[in-house]
Amino acid sequence: MKKTLLSFAAVLATAFFITGAHAQMPEKGAKNTMTLPNGEVIWDLNGDYELLVERYGPAKSEYGNYHRDPFIRITQEGKAFSAIRSKGDFWYKAGTETARGKLNKGGFEEVQIIWHSALLDAKGQISEDGNKIVIDDGEKVKHTYTRK
């Protein structure tokens, strides 16, 4: 019984992982995608975005969360992308990065949040239509980008 339950849990976890990875995979010719010279289809993140910044821990209670609307421009060359502030504020200058990374056919190959000049390794997800991006380091900050 115990062995069957463990096997069932493993199958369920595998199915959940595969379904989640598949939901993020773009289809050739779909909106917001590009085909690389090697034939790989990846998300085309180029565009203007609104940014919701959600902090964790003491920074959340002291500074809260905030929106940047629509001051973030994501530019992409091949697999590499960079999210840049179009306008500055009290904390950051215009033209500085909020995030950077590389894509693959399943979504993010690697992604980092730029947080007060530090590079925070993070995990990211792209919505099924490619219009919403969530990047989360799991400790300090979570960025949600919504395409305009």
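Right above here is the structure, for reference.
Computed from a predicted model, the values in this text were never measured in an experiment.

A short note on the environment of Leu45
Here Leu45 shows up in the loop between β2 (41-43) and β3 (47-55). Residue classification places Leu45 among the buried residues on the basis of a relative accessible area of 0%. With 87 residues separating them along the chain, Leu45 and Lys132 place their C-alpha atoms 9.5 Å apart. Those residues in contact with Leu45 that lie beyond four places of it in its chain are Ile74, Gln76, Phe81, Leu103, Ile126, Ile133 and Arg147.

A short note on empty space enclosed by the protein
Following the criterion strictly, the structure yields 1 cavity of 30 Å³ or more and no others. Approximately 50 Å³ is the volume found for the largest cavity. Lining the largest cavity are 11 residues, with Leu51, Val53, Tyr66, Arg85 and Tyr92 positioned closest to its centre. Of all the elements in the fold, those that place two or more residues in the lining of the largest cavity are β3, β4 (66-77) and β7 (107-115). Of the residues assigned to the lining of the largest cavity, the class counts are 6 nonpolar, 2 polar and 3 charged.

Thresholds applied
Residues numbered from 1 in each chain as written. Predicted model: local features only at pLDDT ≥ 70, side-chain atom pairs only at ≥ 80, totals over all residues. Heavy atoms only, no water. Helix = DSSP H or I, 4+ residues; strand = E, 2+ residues; numbered from the N terminus. Buried < 20%, exposed > 50% of the residue type's maximum accessible area, 1.4 Å probe, protein only. Contact = heavy atoms within 4.5 Å. 1 Å grid on protein atoms, 1.4 Å probe; cavity = no way out; pocket = protein on both sides within 12 Å on 5 of 7 lines; lining within 4 Å. Points joined across faces, edges and corners; volume = space filled by probe spheres on them. Nonpolar A, V, L, I, M, F, W, Y, C, P; charged D, E, K, R; others polar.

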